[in-house]
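Summary of structural features
So the chains spell out like this:
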Amino acid sequence: MSSRAKSRDPDEVTLKLSQRDLSTPPGMTANLGAMDLLLATRNQHKTREFGQLLGPNFTLRDLTSERDLPEILETGPTFEENAVIKAIAISKIFPDEIVIADDSGLEVKSLEGAPGIFSARYAGKNGSDRRNVEKLLCELEGAPERSARFRCVIALAKDGELITTVAGEVAGRITKSPRGENGFGYDPIFIPEGFEATFAQLSSETKNAISHRAKAVAGLVRYFNIERRSARK
Ligand code: ITT
């Protein structure tokens, strides 16, 4: 749990999700009565990974079918603040839903953490994954120091109130050219530590066993399990 969530009154935190919200025990195999989550994203790659990571105990919906939502400006200086901004803004619009928002990106050591929170728009607002990758490889041309890490922060909110945040990261290095077709974003140029293949060459099962998002989602499921146990007492 983040320092932001820790600094809150713990009783306040446990009261945010009702017993009804927590009625489906994560860990059950049937998805009868699975917990409904609204993922505050239009990035369908994220939605696919969340679906694979959360499994059948959660019913996930994202914002792709929602029209006329106001633009949410990610003006925070950190992944955590931007995840919180997205989660709170969307949970105000959908007050009955349990909302999760993911803010994530790639930090490259020799670029002092860039592209970081600007990962999605590194090559400009109307850029693309391909252009972002090209720009990063250009910035790193000839650089012997290529270590990097992916980071992910997930914020959980209900009815305009932050409940908690969880985070995950995975260390690795940047290749000299793109390799592989799987995944999205910077996956074709990121080799996780302990591997020789990029995330885009590895299967989704392997990425989902070690990724920044997998670690953050594990923290989220742990949080739900703890809340569910205390709601039963
Ligand atoms: P939402 O804000 O709608 O969720 P977004 O794509 O704009 O979608 P972010 O602001 O969190 O989301 O930016 C995340 C970017 O970081 C993403 O577009 C990729 O470029 C990169 N990224 C994050 N996780 C990644 C992963 O698992 N593999 C590759 N690139 C990733």
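Presented here is an overview of the structure given in this document. (Residues numbered from 1 in each chain as written. Predicted model: local features only at pLDDT ≥ 70, side-chain atom pairs only at ≥ 80, totals over all residues. Heavy atoms only, no water.)

**Some remarks on the overall build of the chain**
The number of helices and strands found in the chain is seven helices and six strands. Taken across its 233 residues, the chain has 48% of its residues classed as buried. Restricting to contacts in the chain with at least 6 residues of sequence separation, those with at least 24 account for 61%. Of the accessible surface of the chain, which amounts to about 11,800 Å², a share of 50% is contributed by carbon and sulfur atoms. (Helix = DSSP H or I, 4+ residues; strand = E, 2+ residues; numbered from the N terminus. Buried < 20%, exposed > 50% of the residue type's maximum accessible area, 1.4 Å probe, protein only. Contact = heavy atoms within 4.5 Å. Areas by Shrake-Rupley, 256 points an atom, 1.4 Å probe, with all protein chains shown as cover.)

**Notes on the pairing of strand β3 (residues 98–108)**
Taken across its 11 residues, β3 has 11 buried, putting it largely inside the fold. Both faces of β3 are covered, namely the face carrying Ile98, Ile100, Asp102, Ser104, Leu106 and Val108 and the face carrying Val99, Ala101, Asp103, Gly105 and Glu107. As defined by bridge partners, strand β1 (residues 35–39) adjoins β3 across two bridges and the pair is classed as parallel. By the bridge assignment for β3, Leu39 is matched with Ile100. Judged from the 11 bridges that link them, β3 and strand β4 (residues 147–158) form a sheet pairing that is antiparallel. Bridging from a neighbouring strand, Asp102 pairs with Ile154 of β4. (Pairing = 2+ DSSP bridges.)

**Observations concerning the environment of Thr41**
Here Thr41 is to be found in the loop between β1 and α3 (44–54). On the basis of relative accessibility, which here comes to 8%, the residue Thr41 falls in the buried class. In the structure, Thr41 is positioned 21 residues away from Asp62 in sequence and 5.8 Å away in space, judged by C-alpha atoms. Excluding residues that lie within four positions of it along the chain, Thr41 makes contacts with Lys46, Thr47, Asp62, Leu63 and Thr64.

**Examining the site of the ligand**
As a matter of local geometry, the ligand sits amid 20 residues, with Thr41, Lys46, Lys86, Asp187 and Lys207 nearest to it. The contact in question runs from an oxygen atom of the ligand to an N or O atom on the side chain of Asp103, over 3.2 Å. Ser104 is positioned such that a nitrogen or oxygen atom in its backbone is 3.1 Å from an oxygen atom of the ligand. Here the ligand has 610 Å² of accessible area as a free molecule, and 89% of this is covered by the chains. At the level of elements, β3 and α7 (212–232) are the ones that each hand at least two residues to the shell around the ligand. With four residues, the top contributor of residues to the shell around the ligand is β3. (Near = heavy atom within 4 Å. Polar contact = N/O pair within 3.5 Å; in protein donor to acceptor, adjacent residues only side chain to side chain.)

**Regarding the sheet that holds β1**
Across the sheet, which stays open at both edges, the six strands sit in the order β2-β1-β3-β4-β5-β6 with mixed pairing between neighbours. Each having just a single partner strand, β2 (58–61) and β6 (190–192) make up the two edges of the open sheet. Strand-to-strand twist across the sheet, computed as the mean angle between neighbouring axes with direction ignored, equals 35°. Looking at chain direction, strand β5 (residues 161–174) and β6 are connected through three bridges and run antiparallel. Residue pairing in the sheet places Gly172 in a bridge with Pro192 of β6. Contacting β1, β2, β3, β4 and β5, α7 runs over the sheet at an angle of about 150° to β5. (Axes fitted to C-alpha atoms, helices over the stretch in contact; angles between N-to-C directions.)

**Focus on the packing of α3 against α7**
Interhelical geometry of α3 versus α7 gives an angle of 50° and a closest axis separation of 10 Å. By the angle class used here, α3 and α7 are oblique. Taken as a pair, α3 and α7 cross one another with a handedness that is right-handed. Residues Lys46, Glu49, Phe50, Leu53 and Leu54 of α3 touch α7, and the partners they reach there are Arg213, Ala214, Val217 and Val221. (Parallel < 35°, antiparallel > 145°, perpendicular 65-115°, else oblique. Left-handed = near helix turned anticlockwise from the far one by under 90°.)

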